[in-house]
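# Coordinate analysis (summary)
Given next are the chains, with one letter for each unit.
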Amino acid sequence: VNIYHFLNLFFYFEILVLVLVLLFILIKRVVYFFSSRQELYRKKKLSEVLSACFLKKQKCELIQKVHTKKLLLEVLEVFNHRFSGQEWDLLKQSLCERFLLKKARRFAKSYQWTKRNFAARVFALSPLKQDENIILELMEDQHFLVASIASCAAIKLSSEKGIIKALKKLSQAEGYERFFYADLLSQGSGDVFYVISSTSLKNYKLHLAVLDVLSLETSQVQLKFLLKDLKSHDENIKIAAFKVAFRNPHDEWEDIFIKDMNHDNEIIRKLSAECLSKYPSKASFHALSKGLLDKSVSVKLASAKSLKVLGKSDLIKDQSLKKYVLEFE
Amino acid sequence: MTISKNKIIIVDDDEDLLKLLATSFKAQGFDVKTFATGKEGMSYLLIEKNLKEASLIILDRMLPDMDGLDILKTLHEKTSLKVPVLILSILSSEKDVLSGLKKGAVDYVSKPFSLPIFMQKALSLIKG
């Protein structure tokens, strides 16, 4: 009887626990529903106040009444995707200094990565020279969502140490991370390009990373070191340098591309043909015409495309290739 | 009867931006009509009277239901569009800008943009 009693009690206890768990989930969902609605409302209200403040129809002091730091950061980020220009930058900077930067400096040393992420986001929004060291520290964070955003802040600040750190990260990264850093660096200002092109290229991986970044955008600075790379015996360096040269053509490099139309490596021959599309000279037309007879289809196609770009498609004798280039490329 | 060309039509799904642009243009004395979807905007613009009243059309590209360039294309096909069209979009590659200009937009402004410069561009386009 006692055992039966005990089991019965246990059964009731189990049901009670189950009901309590269900009740807890229900309450949590209701609370979440209302709090998310409230957050949406507050975000909307804050956006309105910020818009009015931006249009100088309202004083920015009112922001203090309707925000939490997290919400203000989110709304400022959304606005930052919409607007640029001096007026917006001044407003953003003043709001960050008044409401966010103090907390960000404190959060930068937190053991919680979400708080460090908050700090990095604030610095990315409005980076100041005085925060450079904190930003550089955050770039070393083990969380990609902290380190990557801190890198954005360093690039915006045109911090030399930050740019070199980002380059090192690029040279070590794989997959998405590599793409992220290359894209970030390529979108930097003229100062960023200056630092990249004057970075010491003794480290092989760093050297390739620099060329990788420079190949993504037309450089705003002279690339004097590229001549050596274009003539390099290392094929990886040579290929990367050719990609940079394609975006940054220079008169003195034409002979190199003409010569490399006979290179053993098919990729180098293809890139040479592509680079020659920037040189409307007899020597270039001749080299590209020879390229049309190359054993590699990709070299033939690149030569044909370059001749088309140079307005010399009449030199393409293969009718199917000519038709393809003229109609589809 | 003369039609007053004082209306600016903006099609963009960013509600806050719509309000902000509407406020800015209203402050300059314009009547502003805003739409958050391409379908709504297009059906409004395909009415000849509405199009005649417009002095400027501002289109976003990544609308929830269509590309702003499709609205522009339809307007060119179905109406004799003479109103300047300005594209305001986050798509900012060379290819995107060129496709916008090729489809008949008079200018292509990439987001993020400077509001004072944008307003000046818009006002210059309206003055013709």
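Residues numbered from 1 in each chain as written. Chains lettered and ligands numbered in written order. Predicted model: local features only at pLDDT ≥ 70, side-chain atom pairs only at ≥ 80, totals over all residues. Heavy atoms only, no water.

### Some remarks on the overall build of chain B
As a reminder, the rule being used: A run of H or I in DSSP becomes a helix once it reaches four residues, and a run of E becomes a strand once it reaches two; helices and strands are each numbered from the N terminus. Each radius of gyration is computed over the set of C-alpha atoms, and the globule rule expresses the reference value as 2.2 Å times the number of residues to the power 0.38. Accessible area is worked out with a 1.4 Å probe on protein chains only. A residue is then buried under 20% of its type maximum, exposed over 50%, and partly exposed in between. Should any heavy atoms of two residues lie within 4.5 Å, those residues are considered in contact.
Along the backbone of chain B there are 6 helices and 6 strands. Listed by position from the N terminus, the elements making up chain B come as β-α-β-α-α-β-α-β-α-β-β-α. Relative to the globule expectation of 14 Å for 128 residues, the C-alpha radius of gyration of chain B, 13 Å, shows essentially globular dimensions. Once the C-alpha set of chain B is aligned to its principal axes, its extents read approximately 45 × 30 × 25 Å. Going through the 128 residues of chain B one by one, you find that 50% of them count as buried. For chain B, restricting intrachain contacts to residue pairs at least 6 apart in sequence, the fraction spanning at least 24 positions comes to 68%.

### Considerations on helix H3 (residues 69-82) of chain A
Just so we agree on the cut-off: Take the number of residues in a helix, subtract one, and multiply by 1.5 Å to get its expected span.
If you check H3 of chain A, its first and last C-alpha atoms are 20 Å apart, about what 14 residues at 1.5 Å a residue would give, namely 20 Å. The set of residues buried in H3 of chain A consists of Leu71, Leu72, Leu73, Glu74, Val75, Leu76, Phe79, Asn80 and Arg82 of chain A.

### Considering the pattern of salt bridges
Note the threshold: Note on definitions: salt bridges are taken to be side-chain nitrogens of Lys or Arg within 4 Å of carboxyl oxygens of Asp or Glu.
Applying the stated rule across the entire model yields 24 salt bridges over all chains. Here Lys7 of chain B ties to Glu53 of chain B by a salt bridge, and the two come within 3.1 Å at their closest N and O atoms. Here Lys7 of chain B is found in strand E1 (residues 7-11), whereas its partner Glu53 of chain B is found in helix H3 (residues 48-53), with 46 residues between them in sequence. Glu53 of chain B carries the same exposure label as Lys7 of chain B, and that label is buried. Ionic contacts of the salt-bridge type, sharing partners, join the residues Lys43, Lys70 and Glu74 of chain A into one network.

### A look at the state of the cysteines
Threshold: For the purposes of this analysis, a disulfide is any pair of cysteine sulfur atoms at a distance within 2.5 Å.
Across all of its chains, the model carries 0 disulfides over all chains by this definition. Here Cys152 of chain A stays free of any disulfide, with the sulfur of Cys96 of chain A as its closest cysteine sulfur at 15 Å.

### Quick look at the interface of chain B and chain A
Stated precisely, the cut-off is as follows: Summed over both partners, buried area is the accessible surface (1.4 Å probe) that two parts give up on being assembled. Two N or O atoms form a polar contact when they lie within 3.5 Å of each other; inside protein one atom must be a possible hydrogen donor and the other a possible acceptor, and for residues adjacent in sequence the pair counts only when both atoms belong to side chains. Throughout this entry, Asp, Glu, Lys and Arg are counted as charged residues, while Ala, Val, Leu, Ile, Met, Phe, Trp, Tyr, Cys and Pro are counted as nonpolar. The remaining residues, Gly among them, count as polar.
Listed by partner, the interface residues are 14 residues for chain B and 15 residues for chain A. Summing both sides of the interface, chain B and chain A together bury roughly 1,200 Å²; the carbon and sulfur share of this comes to 61%. It is Asp16, Leu20 and Pro112 of chain B in chain B that bury the most area against chain A; as a group they hold 38% of the surface buried on that side. At the junction of chain B with chain A, the criterion picks out 3 salt bridges. With a closest N to O distance of 3.6 Å, Lys19 of chain B and Glu48 of chain A form a salt bridge. Summed over the shared surface of chain B and chain A, the result is 7 residue pairs in polar contact (both at pLDDT 80 or more). Secondary-structure elements contributing two or more residues to the side of chain B that touches chain A are helix H1 (15-27), strand E6 (113-114) and helix H6 (115-127) of chain B. Residue contributions to the side of chain B that touches chain A peak at 7 residues, all from H1 of chain B. Across the side of chain B that touches chain A, the residue classes tally to 6 nonpolar, 3 polar and 5 charged.

### Let's talk about the confidence of the model for chain B
Convention followed: The predictor attaches a confidence to each residue, and that confidence, scored 0 to 100, is pLDDT.
The predicted model of chain B has a mean per-residue pLDDT of 90, with 97% of residues at 70 or higher. Among the scores for the predicted complex, ipTM is 0.87 and pTM is 0.78.

### Quick word on the packing of H3 of chain A against helix H4 (residues 86-107) of chain A
Residue and element names in this part refer to chain A. Our working definition: What counts as an axis is a line fitted to C-alpha atoms, over the stretch in contact for a helix, and the angles between N-to-C directions run from 0 to 180 degrees. Roughly parallel here means an angle under 35 degrees, roughly antiparallel means over 145, roughly perpendicular means 65 to 115, and every remaining angle is called oblique. In this scheme, a crossing is called left-handed if the near helix is turned counterclockwise away from the far one by less than a right angle; it is called right-handed if the turn is clockwise.
The N-to-C vectors of H3 and H4 enclose an angle of 160 degrees; their axes lie 11 Å apart at closest approach. Overall, the two elements H3 and H4 adopt an arrangement that is roughly antiparallel. For the pair H3 and H4, the sense of crossing is left-handed. Contacts between H3 and H4 involve Lys69, Leu72, Leu73, Leu76, Phe79 and Asn80 from the first element and Trp88, Lys92, Leu95, Cys96, Phe99, Leu100 and Lys103 from the second.

### Looking at the nonpolar core
Cut-off, in case you're wondering: We define a nonpolar core as any set of buried Ala, Val, Leu, Ile, Met, Phe, Trp, Tyr and Cys residues linked to one another through side-chain atoms lying within 4.5 Å.
Within the largest apolar cluster, 118 residues are counted, with the highest numbers of intra-cluster contacts made by Phe123, Leu185 and Leu226 of chain A together with Phe25 of chain B. With sequence-adjacent residues up to four places away left out, Leu185 of chain A is seen in contact with Ile155, Ile163, Ala166, Leu167, Leu170, Val192, Phe193, Ile196 and Val213 of chain A. Listed in part, the 22 residues of the second largest apolar core include Val11, Phe35, Met42 and Leu45 of chain B.

### Focus on the environment of Lys115 of chain A
All names here are of chain A. If you trace the backbone, Lys115 turns up in helix H5 (residues 113-125). Separated by 90 residues in sequence, Lys115 and Lys205 have C-alpha atoms that sit 33 Å apart. Discounting chain neighbours no more than four positions away, the residues touching Lys115 are Phe107 and Ser110.

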